[in-house]
Amino acid sequence: RLFFRHKADFPSLRMLLTIRKQLRSHPALIPLFFFIGGGTTMSLLYLARLGLRNPDVSWDRKNNPEPWNKLSPNYQYKFFTVNMDYSKLKKDRPDF
Amino acid sequence: MAHPSQLGFQDAASPVMEELLHFHDHTLMIVFLISTLVLYIIVAMVTTKLTNKFILDSQEIEIIWTLLPALILILIALPSLRILYLMDEINDPHLTIKAMGHQWYWSYEYTDYEDLGFDSYMIPTQDLTPGQFRLLETDHRMVIPVESPVRVLVSADDVLHSWAVPSLGIKMDAVPGRLNQTAFITSRPGVFYGQCSEICGANHSFMPIVVEAVPLEHFENWSSLMLEDA
């Protein structure tokens, strides 16, 4: 009894069990969790994409100091294109 | 340009501005519907003699008034993000023009083929000829070929300015030491007016922008003439 705690004693599990019990009597909360959770997830995912894929961001100053210099004109760095197919563009400028 | 006491947008002269117009109509319609509903509910609540002291909760209506606003917001967000990404696309411009803001005039440089550059000062009110627009006309207009994608690189020489042409749906800040890029296509020939959109000193209201879209032959004649005059 000194070293083994009951599964239901952990605070995070307690919180989840309480939420589940309350959801059974208040099912209107389910859409709330869905939209807030979905919105938060999408925002965090986009932040992560910005941090990792944005050419303005350099995490490793020694090996990758200026990632914005590594873009080719065909590279699509935006999340979404409506009308443009960047891979079809001609590359008509000199290499460095 | 805007006509007197105009409330809405100017007529669109570029496809991006058309998209913005339609999105604005779509969103404003949603806003009107919601406001009408809310106003009706307020009037109904205020003018009723009925009272009910015993309702504690209702799961069904809570689900409805969570799902419906979320759905409406998604219906607004999806077109909005689409236009946002559409505005950032630069698709193979035929012409690149540099628009430099100064205190208190714009200067345009067409340096793709030859070195063409000129300043664009506002025409003072006392020098206007009949039919010209007060505080909007300039001595030299930025002439571009119609229906050709044009790229404008905006910067400034001294303080912050902003290059804006509402009927093309363009506003781009002119920051000293920085190049900002914007691109557009004019769908029809015409003359399109705009004004400096960042406070820049005493004559901030008196440095307008005039874009004139003409057929390609006229543009070539104009640029030859301007090169000779320079």
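Residues numbered from 1 in each chain as written. Chains lettered and ligands numbered in written order. Predicted model: local features only at pLDDT ≥ 70, side-chain atom pairs only at ≥ 80, totals over all residues. Heavy atoms only, no water.

## Structural notes on the nonpolar core
Counting residues in hydrophobic clusters, the biggest one holds 34 residues, and the most contacted among them are Trp106, Tyr108, Tyr110, Met142, Trp163 and Phe184 of chain B. Beyond its immediate chain neighbours, meaning those up to four positions away, Phe184 of chain B contacts Met142, Ile144, Ser148, Pro149, Val150, Val152, Trp163, Leu168 and Ile170 of chain B. (Core = buried A, V, L, I, M, F, W, Y, C linked by side-chain atoms within 4.5 Å. Buried < 20%, exposed > 50% of the residue type's maximum accessible area, 1.4 Å probe, protein only. Contact = heavy atoms within 4.5 Å.)

## A few points about the UniProt feature "transmembrane region" (unreviewed entry) in chain B
Residue and element names in this part refer to chain B. Mapped onto the present numbering, the UniProt feature "transmembrane region" (unreviewed entry) falls on residues 27-51 and 63-85. With 84% helix and 0% strand, the stretch residues 27-51 has end C-alpha atoms that lie 36 Å from each other. A helix fraction of 100% and a strand fraction of 0% characterise residues 63-85, whose end C-alpha atoms lie 33 Å from each other. (UniProt positions renumbered as here; feature names shortened; annotations may be inferred. Helix = DSSP H or I, 4+ residues; strand = E, 2+ residues; numbered from the N terminus.)

## Section: the confidence of the model for chain B
Put simply, chain B has an average pLDDT of 94, and 100% of its residues get 70 or more. Scoring of the predicted complex yields 0.86 for pTM and 0.75 for ipTM. (pLDDT = per-residue confidence, 0-100.)

## Here's the deal with the UniProt feature "domain: Cytochrome oxidase subunit II transmembrane region profile" (unreviewed entry) in chain B
Here the UniProt feature "domain: Cytochrome oxidase subunit II transmembrane region profile" (unreviewed entry) sits at residues 1-91 of chain B. Note that residues 1-91 of chain B is 68% helix and 0% strand, and that its end C-alpha atoms are spaced 27 Å apart.

## Comments concerning the UniProt feature "transmembrane region" (unreviewed entry) in chain A
Here the UniProt feature "transmembrane region" (unreviewed entry) sits at residues 28-48 of chain A. Secondary structure content for residues 28-48 of chain A is 95% helix and 0% strand, and the end C-alpha separation is 31 Å.

## Some thoughts on the interface of chain A and chain B
The interface is formed by 17 residues belonging to chain A together with 15 residues belonging to chain B. Taking both sides of the interface into account, the surface hidden between chain A and chain B amounts to around 1,400 Å²; carbon and sulfur atoms contribute 68%. Considering only the side of chain A, the residues that lose the most area to chain B are Ala28, Phe35 and Val82 of chain A, jointly responsible for 34% of the buried surface there. Our enumeration of links across chain A and chain B arrives at zero salt bridges. On inspection of chain A and its partner chain B, the count reaches one residue pair in polar contact (both at pLDDT 80 or more). (Buried area = accessible area lost by both parts, 1.4 Å probe. Salt bridge = Lys/Arg side-chain N within 4 Å of Asp/Glu carboxyl O. Polar contact = N/O pair within 3.5 Å; in protein donor to acceptor, adjacent residues only side chain to side chain.)

## A look at the domain arrangement of chain B
Residue and element names in this part refer to chain B. Domain annotation of chain B identifies domain 1 (13-86) and domain 2 (93-227). The straight-line distance from the C-alpha centre of domain 1 to that of domain 2 is 40 Å. Across the boundary between the two partners, domain 1 contributes five residues, which contact nine residues of domain 2. Of the roughly 540 Å² buried where domain 1 meets domain 2, counting both sides, 52% is carbon and sulfur surface. Among the residues domain 1 hides against domain 2, the three largest losses belong to Ala13, Ser14 and Met17. Together they make up 76% of the total. At the junction of domain 1 with domain 2, the criterion picks out zero salt bridges. Remark: the boundary between domain 1 and domain 2 carries three residue pairs in polar contact (both at pLDDT 80 or more). Considering only residue class, the side of domain 1 that touches domain 2 consists of three nonpolar, one polar and one charged. (Domains from an automatic or database assignment. Nonpolar A, V, L, I, M, F, W, Y, C, P; charged D, E, K, R; others polar.)

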